[in-house]
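# Examining the three-dimensional arrangement
Spelled out, the chains give:
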Amino acid sequence: MPKLPSEVDVVVCGGGIIGGAICYYLTQKPSLKVLCLEQESKGSGSTQRSAAAFRQQFSSKVNIAFSLYSGRKYETFRQDFHLSQDVFHQNGYLFLYSEEKLWEDALKRLKIQKNNGLSDVVALTDSALTKRFPEVCAQETADFKIYGATFCPTDGFLDPVLVCHAYFEQAVSAGLQFFERTPLQRIEVTNNKISAVYANGQKIKTACVVNASGIWANEVLRSLGIAVPIVPVKRYLYTTNQLERNVRSLPMMVCNLGPYGRPEIGGLLLGWDERPEKPKDYHLFNPTPPPFEPNYEIEEGFGAKNLEGYGYQLLFEMAPYFPFMAEEVALEAATCGYYDVSPDDRAILGEDPRIQGLIHAIGFSGHGVMHAPAVGDQIAQLVQRKTTTIDWKQALALAPLLKNEPRPDPEIMII
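Read on for a plain summary of the structure. None of the values given here were measured: they were computed from a predicted structure.

### A look at the packing of aromatic side chains
Tallying each qualifying case throughout the model produces 23 aromatic pairs. Aromatic pair F77 and F81: ring centres 4.0 Å apart, planes at 15 degrees, arrangement stacked. The burial state of F77 is the same as that of F81; both residues are buried. Both rings, one in Y236 and one in Y238, keep their centres 6.5 Å apart while their planes meet at 25 degrees; by these two values the pair is stacked. By the burial criterion, Y236 is buried, and Y238 matches it. Ring pairing ties together the aromatic residues Y24, Y25, F54, Y74, F77, F81, F88 and Y167, which thus form one cluster.

### Re the nonpolar core
In terms of nonpolar packing, the biggest core is built from 60 residues, with V12, L349 and I379 touching the most fellow members. Elements that contribute at least two residues to this core include exactly β1 (10–13), α1 (17–26), β2 (34–37), α2 (61–75), α6 (160–173), β20 (358–362) and α10 (368–383). The dominant element in this core, judged by the number of residues it contributes, is α10, at nine residues. What V12 contacts, discounting residues up to four positions off in sequence, is G19, I22, C23, L26, V34, L35, C36, L37, V210 and A212. Counting residues in hydrophobic clusters, the runner-up holds 35 residues, among them Y238, L250, Y310 and L314.

### Let's talk about the sheet that holds β20
What the six strands build is an open sheet, ordered β9-β2-β1-β13-β20-β19; its pairing is mixed. Of all strands in the sheet, those with a lone pairing partner are β9 (177–179) and β19 (348–351), marking the two edges. When strand polarity is set aside, the average angle formed by the axes of neighbouring strands in this sheet is 15 degrees. Looking at chain direction, β19 and β20 are connected through four bridges and run antiparallel. Each residue of the ladder has a partner; that of E351, found in β20, is I359. The sheet contacts of α1 involve β1, β2, β13 (209–211) and β20, and relative to β1 the element is tilted by about 160 degrees. Contacting β1, β13, β19 and β20, α10 crosses the sheet at an angle of about 170 degrees to β20.

The rules behind each value
- Residues numbered from 1 in each chain as written.
- Predicted model: local features only at pLDDT ≥ 70, side-chain atom pairs only at ≥ 80, totals over all residues.
- Heavy atoms only, no water.
- Phe/Tyr/Trp six-rings, centres within 6.5 Å; stacked < 30°, edge-to-face > 60°.
- Buried < 20%, exposed > 50% of the residue type's maximum accessible area, 1.4 Å probe, protein only.
- Core = buried A, V, L, I, M, F, W, Y, C linked by side-chain atoms within 4.5 Å.
- Helix = DSSP H or I, 4+ residues; strand = E, 2+ residues; numbered from the N terminus.
- Contact = heavy atoms within 4.5 Å.
- Pairing = 2+ DSSP bridges.
- Axes fitted to C-alpha atoms, helices over the stretch in contact; angles between N-to-C directions.

Have a look at this one:
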């Protein structure tokens, strides 16, 4: 194995899409010496297990801003990184509502989105909805009615592994030193400032560590005796049979901010942020979290072939909105991964108030893939002590969460 450098300006911990984006933007400044440590291989964790959705339809200003920036970058990503295939499929994002109160709230959020720069989002009701999306149920019954939907055509879904690899390839070409299968062993602090890290038994002097390790965020910090309010939460995805009807142009479809589906080759990819349940008191900071070891086994009740299991509950929930699902769709496979969930389901970004030079880019709660370009750019600006070009420092700060206090600009559209 090549010898690790003896000294660098920045050590990035984590080789997923967030770490890749940060490394890419950091190496756009040639004078910075950047090292990235990844305990497995790049993109092998939550990045490759993501539903890979991209949306700009949020309720918080900071998430809208991050999506607007990232969307522009993803639209030109293929050209900018000289790739042979697209990474961004702009099929749109369709939020459907069968509860009147949820629909009224959605219309209020639509105004917020438009006021914060999302000009493409529209409201659709009745025949306008079913004309644009004939797969949507057009019949009202005593038990079921679709009050309306919001749709943004510039939303869609991504190829996160391809994006992650492209970021790292460009960063390495620009001077990044990237070590896979090289876990961080410990971080050294002198006078309350980052002074070095250790990996492969070697000491690397540095004044800055960026914790972009997602669900392993607290393992990275364990040698320091501190923790962050991050909880790994298991989530399942289901792939369906290949359908005779053409579903490739369907948008990402979300029902009552719950179950969702999108095209996956000639079938569908389905998910639901519902079970397994989040741990009790996940929203409270635990200063002594237990060691984490991911379990990618399919638990009882979550298999694709279990007709009474969670996957078919998900399908049952979506079928009233999309009648073809009841008639044509069967579940073929299940997979799982983890969200790194923060107490308010929003990212934790910025310098740790307890240790100078320790910077976090964690807690994305399922939104890491979609916001990677914005996060990479903003963290690079922070490391370089520049004025950040997006206003996020208060909304995504760590300090309030350490005191179990709320942060401003909350997010309602959590899926």
